[in-house]
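A look at the structure
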Amino acid sequence: MSDNQKQFDAAIVGGGVIGCAIAWRLAQGGMRVAVIERGDIGREASFAAGGMLVPLAEADEADDLFHMCVASRAMYADFAHELQQASGINVEYRTEGTLYLSLTEHDDEELERRWQWQHAAGLNVKRLNADCARKLEPQINPQLRWALKFPDDHQINNRLLIAALHTAARNAGVEFQTQTEVESLLIESLLIESRAGRKQIVGVRTSRGEVISKTVIVAAGSWSSLLKTEAETSLPNLNVAPVHGQMIAVEMPSPAVNHTIYSCRAYVVPRLGGFVIAGSTSDKFGFEKRVTAGGMASIIERAKEILPGFADLAVTETWSGLRPRAADGLPVIGADDSVAGLVYATGHYRNGILLTPITAQAVSEIVLKGESGVQLSAFSPQRFARLQADGSKP
Ligand SMILES: Cc1cc2nc3c(=O)[nH]c(=O)nc-3n(C[C@H](O)[C@H](O)[C@H](O)COP(=O)(O)OP(=O)(O)OC[C@H]3O[C@@H](n4cnc5c(N)ncnc54)[C@H](O)[C@@H]3O)c2cc1C
């Protein structure tokens, strides 16, 4: 091994919530792990998020993604507690629940539909008349017609989550190589009876040298489809692309709101310390992050529908981030079929904070035990190749 080569049991491309959580679990399992991050830890989508853990508020049907989100939500209380023990950082896991407001006739239909299927499925959703909802949150729009309450749709502070995962992983022995870009994946063809057989990942080439590892996990968020190989090996096209979203934070002196509150057009999320954040937008601006005048105007206009006083509150921060979205909107989690040791954990789109505990569990089981108890078939990295072979579009 040359001076600029380092050897690990697992190398993780990307230090967002997904990469850091997997690193922590693998180090707990006894592996020597490196996280290679182009910038600083957790400064991309994981930093930009709202921290909402709200599968019921966001789901239109009980599909594979919904079940995965609900399963991950159920892990969160223990996950947050374990993280606090391991890092000393409280991620502000809050359990007040989520309200969903009906403000128009059209909203009535939307909420009614959500209530019908979720109630029939035995999920924990409650109908509140306007008086009840206003007792919970006196500052909401007096034109409120009625509301749904999702008592189990909780929230955390995602920036504290990043800090806690980073510290917990470091305490467990993970090496973080920041300001270091993965330039390519190193893949070798294994010779079987003198003929090229299965391929094996052997590491990554970075801007600071090679990292040698027989397990490489791609957790590079919106940039995951840009990774290249040096061998004549084509990786499955993961079809992951960025979806741009903007957010705004405002000061909210007491009495502040306590619940995450949705309308059909916006959401506001309370944070400890006397402010709320509101979002969001959804645009295809490529890889460029920017806060636009139009984006802010539209978020403020829609947040005012929830909290009429919103426009008068002092702005403390505005930001944007890139949600990693695969072509079908589902995460991409699992081992590569043709390159041994290469595993994907990306495409978490709008749910990466929520899906962090279950993704870390699934990927660490795949790496440490060869398979996971988590049902992952809908999220297979091979699904796009299968669709191409069928001639259907993802
Ligand atoms: C405005 C907004 C609001 C959101 N709200 C929520 C929410 O309320 N709840 C929720 O569950 N989810 C939410 N999300 C989605 C969530 O933020 C993402 O799904 C999640 O953060 C994805 O995590 P990640 O680690 O995969 O990606 P990222 O956090 O983007 O991390 C990927 C990392 O990989 C690094 N990287 C990329 N390429 C390379 C390379 N070649 N070499 C080295 N490093 C590389 C990047 O620098 C980056 O740090 C929101 C997202 C946005 C933008």
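Remember, predicted model here, so these are calculated numbers, not experimental data. (Residues numbered from 1 in each chain as written. Predicted model: local features only at pLDDT ≥ 70, side-chain atom pairs only at ≥ 80, totals over all residues. Heavy atoms only, no water.)

Considering the sheet that holds strand β19 (residues 332–335)
Taken in spatial order, the six strands of this open sheet run β9-β3-β2-β13-β21-β19, and their pairing is mixed. A strand with exactly one partner marks an edge of an open sheet, and here the two such strands are β9 (175–177) and β19. This sheet shows a mean twist of 20 degrees between the axes of neighbouring strands, independent of strand direction. In this structure, strand β3 (residues 33–36) lies alongside β9, joined through three bridges in parallel fashion. When the sheet's bridge partners are listed, A34 is paired in β9 with E175. (Pairing = 2+ DSSP bridges. Helix = DSSP H or I, 4+ residues; strand = E, 2+ residues; numbered from the N terminus. Axes fitted to C-alpha atoms, helices over the stretch in contact; angles between N-to-C directions.)

Quick word on the sheet that holds strand β6 (residues 126–129)
With mixed pairing, eight strands are arranged side by side in an open sheet as β6-β7-β5-β15-β16-β17-β14-β18. Looking at strand neighbours, the two that pair on one side only are β6 and β18 (315–325), the edges of this open sheet. Pairs of neighbouring strands in the sheet enclose a mean axial angle of 25 degrees, with direction left out of account.

A few points about the site of the ligand
In the neighbourhood of the ligand, 39 residues make up the surrounding shell, with E37, S46, V182, Y349 and L354 lying closest. Interatomic distance of 3.1 Å between a backbone N/O atom of A45 and an oxygen atom of the ligand. L354 places a main-chain nitrogen or oxygen 2.8 Å from an oxygen atom of the ligand. Summarising the interface, the protein chains cover 98% of the accessible area of the ligand, which totals 1,000 Å² for the free molecule. Elements with a minimum of two residues in the shell around the ligand: α1 (17–28), α2 (45–48), β14 (241–251) and β18. A per-element tally of the shell around the ligand places β18 first, with four residues. When residues are assigned to domains, the shell around the ligand turns out to be shared by domain 1 (5–48 + 160–238 + 327–390) and domain 2 (98–150 + 241–323), each giving three or more. (Near = heavy atom within 4 Å. Polar contact = N/O pair within 3.5 Å; in protein donor to acceptor, adjacent residues only side chain to side chain. Areas by Shrake-Rupley, 256 points an atom, 1.4 Å probe, with all protein chains shown as cover. Domains from an automatic or database assignment.)

Observations concerning the domain arrangement of the protein chain
Taken domain by domain, the protein chain holds domain 1 (5–48 + 160–238 + 327–390) and domain 2 (98–150 + 241–323). The gap between the C-alpha centroids of domain 1 and domain 2 is 33 Å. Between domain 1 and domain 2, the contact holds 10 residues from the first and 12 residues from the second. Sorting the residues of domain 1 by area buried against domain 2 places A48, S222 and Y349 first, and these three jointly supply 52% of that buried surface. Across the pair K289 and E44 runs a salt bridge whose closest N-O atoms are separated by 3.0 Å. Linking domain 1 with domain 2 are three residue pairs in polar contact (both at pLDDT 80 or more), by the criterion used here. Residues belonging to the side of domain 1 that touches domain 2 are distributed by class as follows: six nonpolar, one polar and three charged. (Contact = heavy atoms within 4.5 Å. Buried area = accessible area lost by both parts, 1.4 Å probe. Salt bridge = Lys/Arg side-chain N within 4 Å of Asp/Glu carboxyl O. Nonpolar A, V, L, I, M, F, W, Y, C, P; charged D, E, K, R; others polar.)

Concerning the pattern of salt bridges
Tallying each qualifying case throughout the model produces 23 salt bridges. Note that R265 and E305 form a salt bridge whose closest N and O atoms lie 2.9 Å from each other. Remark: E305 occurs in helix α8 (residues 293–306) and R265 occurs in the loop between β15 (260–262) and β16 (267–271); sequence separation between them is 40 residues. Using a relative accessible area of 28% as the deciding quantity, one classes R265 as partly exposed. For E305, a relative accessible area of 26% gives the class partly exposed. E288 serves as the salt-bridge partner of R290, at 3.3 Å between the closest nitrogen and oxygen. You can call R290 partly exposed: its relative accessible area is 33%. Accessibility expressed as a relative area gives 42% for E288, which makes it partly exposed. Connected via shared salt-bridge partners are D60, E110, R113 and R114. (Buried < 20%, exposed > 50% of the residue type's maximum accessible area, 1.4 Å probe, protein only.)

Considerations on the side chain of Q118
By the element assignment, Q118 lies in helix α5 (residues 105–120). In this structure Q118 comes out as buried when scored by relative accessible area, which is 0%. Here L56 takes part through its backbone oxygen, which lies 3.0 Å from a polar atom of the side chain of Q118. Those residues in contact with Q118, other than ones at most four positions away along the chain, are L56, A59, L123, V125 and F150.

Observations concerning the packing of aromatic side chains
Given two aromatic rings, one states the distance between the centres and the angle between the planes to describe the pair. Applying the stated criterion to the full structure yields eight aromatic pairs. A centroid spacing of 5.4 Å and a plane angle of 75 degrees characterise the contact between F66 and W117, whose relative ring orientation is edge-to-face. You can see F66 sitting in helix α4 (residues 64–87) and its partner W117 sitting in helix α5, a full 51 residues away along the chain. Comparing F66 with W117 shows no difference in burial state: the two are buried. (Phe/Tyr/Trp six-rings, centres within 6.5 Å; stacked < 30°, edge-to-face > 60°.)

Section: unusual backbone geometry
Only a minority of non-glycine residues have a phi that is not negative, and only a minority of peptide bonds are not trans. A cis amide bond links G279 to the next residue, S280, at an omega of -10 degrees. Mapped onto the secondary structure, S280 falls in the loop between β17 (275–279) and α8. For Q179, which is not glycine, the phi dihedral falls at a positive 50 degrees. Tracing the backbone shows Q179 in the loop between β9 and β10 (182–192).

Quick word on the nonpolar core
Among the nonpolar cores identified, the biggest contains 51 residues, and I12, I22, L26, L83, L161, L165 and I217 are the most heavily contacted of them. For this core, the secondary-structure elements that each account for two or more residues are β2 (10–13), α1, β3, α4, α7 (158–171), β21 (342–346) and α9 (356–369). Ranked by the residues each element gives to this core, the list is headed by α1, at nine residues. (Core = buried A, V, L, I, M, F, W, Y, C linked by side-chain atoms within 4.5 Å.)

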